[in-house]
Amino acid sequence: MTAEDIRSAEVTIPEVPGILSCSEVLATGRAIAAVQQRDGMVPWFKGGHCDPWNHVEAAMALTVCGLVPQAREAYRWLVRRQLPDGSWFNYYRGDAVKDPRLDTNVCAYLAAGAWHHHLITGDVDFLGELWPTIEGGIDFILRWQQPDGSVLWSLNSTGRPEKYALLTGSSSIYHSLRCAVAVAERLDKDRPDWELAAGRLGHAVAHHPGAFAPKAEFAMDWYYPVLSGAVEGEAGRRRIADGWSTFVMDGLGVRCVSTGDWVTAAETAECVLTLYPEEETFPEHERTSYTFAAMVLAADALSNTTPAAGLFRGEGLPEALDLAEPHCGDATDGCAVRDTQRSCLPD
């Protein structure tokens, strides 16, 4: 038995009976570790590029599979690569930058990964080690929060911010902000501004569709507000039901876009495994670390195995605020944006 086998045996590996055995889940985690570079970076595939968001997703899967030293090295890679303003570039290949765009969603996601790691390992010291990097990333993205609560989606290669927000990205940022608040509370840090920012952003995601660029053809814009916890309860069930026939192909999965017939597996956290209806992989023969990671996280969420299994259901996170902007007036949960005036109106 190798040292890796011993470490993995110390945790209970998730399984989904009839779909994924625990040995298959562990093999998937090891497949992620197999493409990890010596510096800790997890590329999409061996010799491929890396983006920090999917890198964090891979680190989460490594933790679930008991490959904790590899997960820690993945997080430490992010510490070393963080830019002075708290951001990360969009794509890296080896030591080089492949895409210099700064995506706010990408820069927020370390907080989710760090809290996920803590929930499973209970390691407060490592959480403290990551704290300055988490704080820098969150402070960076909040510079781009808008008066309506949304967060601009990126800065281009010249450092100029794009003029609009994306619903999927802002939903993910909302979840990351809640994780960041949990980290701060666990470390006895005082960051009430993060909690207020999350409340404003969650309100925008839940009640102000006009605050975001229209991307309704993308499945992630359909389910991510629910996955992030910004839309809950009956409103969440109604949102899923309303888009079901548009995006779900029976026996195959979820369409990436409503205008195409290729589907994606979006279990719990991400919509990443892309297939044609004929069940051919897309792109052809691609095997990616982020696909592996999504499958591991899905198995954990479905089986409720690790202490972090409910993270994408909001378990283990502080109570969320719903903060309307001043222009919302006395808006209720049914408020909607009047696009021309950015004001809230009750249904």
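Here, every reference points to the structure presented above.
In this report, the structure presented in the accompanying data block is examined.

Conventions adopted
- For every chain, the first residue of the written sequence is number 1, and numbering continues from 1 along that sequence.
- Note on the predicted model: pLDDT of at least 70 is required for a residue's local features to be given, and 80 or more for side-chain atom pairs to be given and counted; whole-chain, interface and lining totals, by contrast, use all residues.
- Just so you know, side-chain values use all the structure's heavy atoms and leave hydrogens and water out.
- Only runs of H or I of at least four residues qualify as helices and only runs of E of at least two qualify as strands under DSSP, and these elements are numbered from the N terminus.
- Three labels apply to residues, based on accessible area from a 1.4 Å probe with only protein chains included: buried if under 20% of the type maximum, exposed if over 50%, partly exposed otherwise in between.
- What makes two residues a contact is simply this: any of their non-hydrogen atoms within 4.5 Å.
- Only the protein chains shown count as cover for residues, with accessible areas throughout obtained via the Shrake-Rupley method and a probe of 1.4 Å.
- The rule for a salt bridge is simple: a side-chain nitrogen of Lys or Arg has to be within 4 Å of a carboxyl oxygen of Asp or Glu.
- Each pair of strands is called paired provided DSSP finds at least two bridges between the two strands.
- We define a polar contact as two N or O atoms separated by no more than 3.5 Å, with the added condition that, inside protein, one atom must be a possible hydrogen donor and the other a possible acceptor, whereas residues neighbouring each other in sequence contribute only through side-chain atom pairs.
- Aromatic pairing here means that ring centres of Phe, Tyr or Trp (its six-membered ring) are within 6.5 Å. Orientation follows from the plane angle: under 30 degrees is stacked, over 60 is edge-to-face, and everything else is tilted.
- Any Lys NZ or Arg CZ found within 6 Å of a ring centre and within 35 degrees of that ring's normal is scored as a charge over the ring.
- By convention a nonpolar core is built from buried Ala, Val, Leu, Ile, Met, Phe, Trp, Tyr and Cys residues, the set being connected through side-chain atoms within 4.5 Å.
- Axis definition: a line fit to C-alpha positions, over the contact stretch in the case of helices; interaxial angles, taken between N-to-C directions, run 0 to 180 degrees.
- When describing relative orientation, an angle under 35 degrees is termed roughly parallel and one over 145 degrees roughly antiparallel, while 65 to 115 degrees is termed roughly perpendicular and anything else oblique.
- Here a crossing is called left-handed whenever its near helix is offset anticlockwise from the far helix by less than a right angle, and right-handed whenever the offset is clockwise.
- Three classes are used: nonpolar for Ala, Val, Leu, Ile, Met, Phe, Trp, Tyr, Cys and Pro, charged for Asp, Glu, Lys and Arg, and polar for all others, with Gly counted as polar.

1. Examining the overall build of the chain
Broken down by element type, the chain carries twelve helices and ten strands. When the 347 residues of the chain are sorted by exposure, 53% land in the buried category. Restricting to contacts in the chain with at least 6 residues of sequence separation, those with at least 24 account for 65%. Total accessible area computed for the chain in this model is approximately 15,400 Å², and 53% of it derives from carbon and sulfur atoms.

2. Quick word on the pattern of salt bridges
Under the defined criterion, the tally for this structure stands at nine salt bridges. The shortest N-O distance in the salt bridge between Glu162 and Arg101 comes to 2.8 Å. Note that Glu162 is positioned in the loop between β4 (154-155) and α8 (167-186) and Arg101 in the loop between β2 (96-99) and β3 (102-103), a separation of 61 residues in sequence. Linked through salt bridges whose partners overlap, the residues forming this network are Glu135, Asp139, Arg191 and Asp193.

3. Points about unusual backbone geometry
Residue Asp188 is not a glycine yet carries a positive backbone phi of 60°. The phi torsion at Asn304 lies on the positive side, around 55°, for a residue other than glycine. Along the chain, Asn304 turns up in the loop between α12 (289-303) and β9 (336-338).

4. Observations concerning the pairing of β2
By the bridge criterion, three bridges tie strand β1 (residues 91-93) to β2 in an arrangement that is antiparallel. Counterpart to Arg93 in the pairing with β2 is Ala96. A loop of two residues connects β1 with β2, the two strands running antiparallel in sequence, and Gly94 in this loop sits at a positive phi of about 60°.

5. Structural notes on the side chain of His207
Examined against the element boundaries, His207 turns out to sit in helix α9 (residues 192-207). Since its relative accessible area comes to 9%, His207 is described here as buried. Engagement of the side chain of His207 in a polar contact is seen with the side chain of Asp322, the distance being 3.4 Å.

6. Quick notes on the environment of Arg30
Looking at the element boundaries, Arg30 is found in helix α2 (residues 22-35). Separated by 262 residues in sequence, Arg30 and Phe292 place their C-alpha atoms 9.7 Å apart.

7. Quick look at the packing of aromatic side chains
If you walk through the whole model with that rule in mind, you get ten aromatic pairs. Above the ring of Phe126, the side-chain terminus of Arg72 is found at 5.8 Å from the ring centroid.

8. Some words on the nonpolar core
Core analysis: the biggest nonpolar cluster contains 89 residues, and Tyr75, Trp115, Ile138 and Leu177 have the highest contact counts within it. Looking at this core element by element, the count peaks at ten residues for α8. When neighbours within four sequence positions are excluded, Tyr75 is seen to be in contact with His55, Val56, Ala59, Met60, Leu110, Gly113, Ala114, His117, Phe126 and Leu130.

9. Some points on the packing of helix α4 (residues 68-81) against helix α6 (residues 110-121)
The interhelical angle for the contact between α4 and α6, taken along N-to-C directions, is 155°, at an axis separation of 12 Å. Looking at the two axes, α4 sits roughly antiparallel to α6. Classified by chirality, the crossing of α6 by α4 is left-handed. Counting all contacts with α4, which are made through Val68, Ala71, Arg72, Tyr75 and Leu78, the residues of α6 involved are Leu110, Gly113, Ala114, His117 and Thr121. The residue makeup of the contact of α4 with α6, split by class, is six nonpolar, three polar and one charged.

From the geometry alone we can't say anything about function, so treat these as descriptive.
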